[in-house]
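# Reading the structure
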Amino acid sequence: QVHIVESGGGLVQPGGSLRLSCAASGSIFGIYAMGWYRQTAEKQRELVAQVVDGGITNYADSVKGRFTISRDNAENTVYLQMNSLVPEDTAVYYCNVKSRVFASRYDYWGQGTQVTVSS
């Protein structure tokens, strides 16, 4: 069984910061990418940031320069530091973990954590 546990969401004022954490545990092997997606009632789930093997990172244009993703490979943990938050960042944020075992690929999702940016 695989567990994906997120933490760190909440309410923050515009211009503020939050740090999201996500830990993967259980029977999960061959992780090659960890990242964060977000979703609102009006928009489909979208990629926010991702880090793949080798430390290569990928960011949505809307968060470049404001968000930073990092990964602790030893702990199977990924973090998202979010600075200069704006109301448009309000969404449910989901942790995503991708793994590969031989020819099979797997996608694991967390339960989601709410981020609300409002004054």
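All of these numbers come straight from a predicted model, not from anything done at the bench.

### Comments concerning the pairing of strand E5 (residues 46-52)
One ladder, built from six bridges, connects strand E4 (residues 31-39) with E5; its direction is antiparallel. Opposite Ala33, over in E5, you have Val52 as the bridge partner. Linking E4 to E5, which pair antiparallel, is a turn of six residues. Of the strand pairs in this sheet, E5 and strand E6 (residues 56-59) are connected by four bridges, and their pairing is antiparallel.

### Some words on the state of the cysteines
All chains considered together, the criterion is met by one disulfide. The partner cysteine of Cys22 in its disulfide is Cys95, sulfur to sulfur 2.0 Å. Negative torsions about the S-S bond denote left-handed disulfides, and the value of about -80 degrees found for Cys22 with Cys95 makes this one left-handed. With Cys22 in strand E3 (residues 18-26) and Cys95 in strand E9 (residues 91-101), this residue pair connects regions lying 73 residues apart in the sequence.

### Observations concerning the pattern of salt bridges
Taken as a whole, this structure holds seven salt bridges when the rule is applied. Note that Asp107 is salt-bridged to Lys98, the shortest N-O span being 2.8 Å. Classification of Asp107 as partly exposed rests on a relative accessible area of 44%. Looking at Lys98, the relative accessible area reads 15%, which means it is buried. In the salt-bridge network here, residues are joined through shared partners; they are Arg38, Lys43, Glu46, Arg66 and Asp89.

What counts as what
Residues numbered from 1 in each chain as written. Predicted model: local features only at pLDDT ≥ 70, side-chain atom pairs only at ≥ 80, totals over all residues. Heavy atoms only, no water. Pairing = 2+ DSSP bridges. Helix = DSSP H or I, 4+ residues; strand = E, 2+ residues; numbered from the N terminus. Disulfide = S-S within 2.5 Å. Salt bridge = Lys/Arg side-chain N within 4 Å of Asp/Glu carboxyl O. Buried < 20%, exposed > 50% of the residue type's maximum accessible area, 1.4 Å probe, protein only.

These figures come from the coordinates and say nothing about function on their own.
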